[in-house]
Amino acid sequence: MSTKIEVKNLTKIFGKHTRQAQALLDEGKTKTEILKATGATVGVDRANFSVEDGEIFVIMGLSGSGKSTTIRMLNRLINPTSGSVLIDGEDIAAMDAAQLQQVRREKMSMVFQNFALLPNRTVQQNTEFGLEIQGVDKAERSDKAVKALAMVGLQGYEDQYPDQLSGGMQQRVGLARAFANDPEVLLMDEAFSALDPLNRRSMQDELLDLQDNLHKTIIFISHDLNEALHIGDHIMIMKDGVIVQIGTPEEILSKPADDYVERFIKGVDRSQVYTAGNVMVRPTMVNVNNAGPRLAARRMRENEISSVYAVDGGRHLLGIIDAKDVRQAIADGREDLKPLVQDIVPTTSADTPLAELMDAVSSTPIPYAVVDDDNRLKGIIIRGAVLGALSGNEVNVHA
């Protein structure tokens, strides 16, 4: 991946005496101290982060954390006090009005919490609105709007009005309008927070499905950690205008930066975030092409286990070998392990969510084998590792 957006020392100070406040900020004064000394409020304090092309980057925090101010500075709905926002290497903070308008029309679209639909326009007319402002001819914008509405599952609703739609459907119109512009970057400010829980989860899944096909760069604002963990490739947590931690969902859960993040993740359903790759452990295995029963017995004895996984020279999983069969082979004087292989091992991929495996892992007598697309053995899932992950112990965050 390449970097799509790079933010450098981005700062926003609200109120008067911003120069004095900026100087105090540079001296290391706190937000509270600056407010008391100048009456100015630090909204965002020297934020530095980058967003990769084609990823979903979630910015989250409680009310007043600076997350919404940050996203509005990315397209200059709010002008920064200082710092820069580079998109494809060009600084948005330094652009004149004409350049900024071009970027907003051609590179960025925004989806708001309140849907922002025009009540006197049909669903299709709302979807066409951005294209209409750009001066796109009627036939082209109609074609793009129809395709965008089909993309979000609203074909057949083109002539309806917003008040005839449910909240979830209205938000789909907002998404369709943004996608109709074919932006490179999509900014979503608390886009699903006004929806009920079922519609909210549905829209999160819808966004992930769309992203699988469109590969947009999406910056998503949320105050809900479960939402952030579900959709985010990376998560940035803010507090009082300051970035506290940036990481993958697994890194946020397994290595919280401080007590603030620790409190955030308390009570999160980790099984919805962790994957098989995060909890797998190194398997004990033998290559049946060059190993015999005595080596298999030695491996089991050294690791205090009663079976080993059988692989070939390319580490492709063949099955499992049981200790009692190995003992009998040794007693019979046999040297070949291949006849002892039992092809009864349950398998899964590294990216399978743990929640989908919980029941099976708890009931199978043979640990699940984690394999890649070529059936090469990557690891195994044992119950102890699963329980440890769910209780907050360290996981394989780079698996």
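Residues numbered from 1 in each chain as written. Predicted model: local features only at pLDDT ≥ 70, side-chain atom pairs only at ≥ 80, totals over all residues. Heavy atoms only, no water.

Participant: Honestly, the overall build of the protein chain in this entry has me stumped. Any pointers?
Facilitator: Across its full length, the protein chain holds 16 helices and 16 strands. In summary, the protein chain has a C-alpha radius of gyration of 27 Å against a globular reference of 21 Å for 399 residues, an excess of more than 25%. Its C-alpha atoms give the protein chain principal-axis dimensions of roughly 90 × 60 × 35 Å. By the burial criterion, 49% of the 399 residues in the protein chain qualify as buried. The contacts of the protein chain with a sequence gap of at least 6 include a subset with a gap of at least 24, amounting to 65%. Carbon and sulfur atoms make up 46% of the accessible area of the protein chain, which amounts to about 19,100 Å² in all. (Helix = DSSP H or I, 4+ residues; strand = E, 2+ residues; numbered from the N terminus. Rg over C-alpha atoms; globule rule 2.2 N^0.38 Å. Buried < 20%, exposed > 50% of the residue type's maximum accessible area, 1.4 Å probe, protein only. Contact = heavy atoms within 4.5 Å. Areas by Shrake-Rupley, 256 points an atom, 1.4 Å probe, with all protein chains shown as cover.)

Participant: Where do I start with the domain arrangement of the protein chain in this structure?
Facilitator: A common way to state how big an interface is: give the accessible area lost once the parts meet. What the domain assignment reports for the protein chain is domain 1 (50-267) and domain 2 (277-390). Taking only C-alpha atoms into account, the centre of domain 1 sits 44 Å from that of domain 2. (Domains from an automatic or database assignment.)

Participant: Quick question: what am I supposed to make of the packing of helix H1 (residues 18-26) against helix H2 (residues 31-38) here?
Facilitator: Helix-helix packing: each pair is described by the crossing angle between the helix axes and the interaxial distance. With their axes 10 Å apart at the nearest point, H1 and H2 run at an angle of 145° to one another. H1 and H2 meet at a crossing whose hand is right-handed. For the pair H1 and H2, contact is made by Gln 20, Ala 21, Leu 24 and Leu 25 and by Ile 34, Ala 37 and Thr 38, respectively. (Axes fitted to C-alpha atoms, helices over the stretch in contact; angles between N-to-C directions. Left-handed = near helix turned anticlockwise from the far one by under 90°.)

Participant: How do you make sense of the sheet that holds strand E9 (residues 234-239) when you look at a structure like this?
Facilitator: Hydrogen bonding along the main chain pairs the strands of a sheet, whether they run parallel or antiparallel. Taking strand neighbours across the sheet as the criterion, the 6 strands line up as E6-E7-E8-E3-E9-E10 in an open arrangement whose pairing is mixed. Each of the sheet's edge strands pairs with one partner strand only, and the pair in question is strand E6 (108-111) and strand E10 (242-247). On average, each strand axis in the sheet is tilted by 15° relative to the strand beside it, whichever way the strands run. By the bridge criterion, 5 bridges tie strand E7 (residues 185-189) to strand E8 (residues 217-222) in an arrangement that is parallel. In the sheet register, Leu 186 faces E8, and the bridge partner there is Ile 218. (Pairing = 2+ DSSP bridges.)

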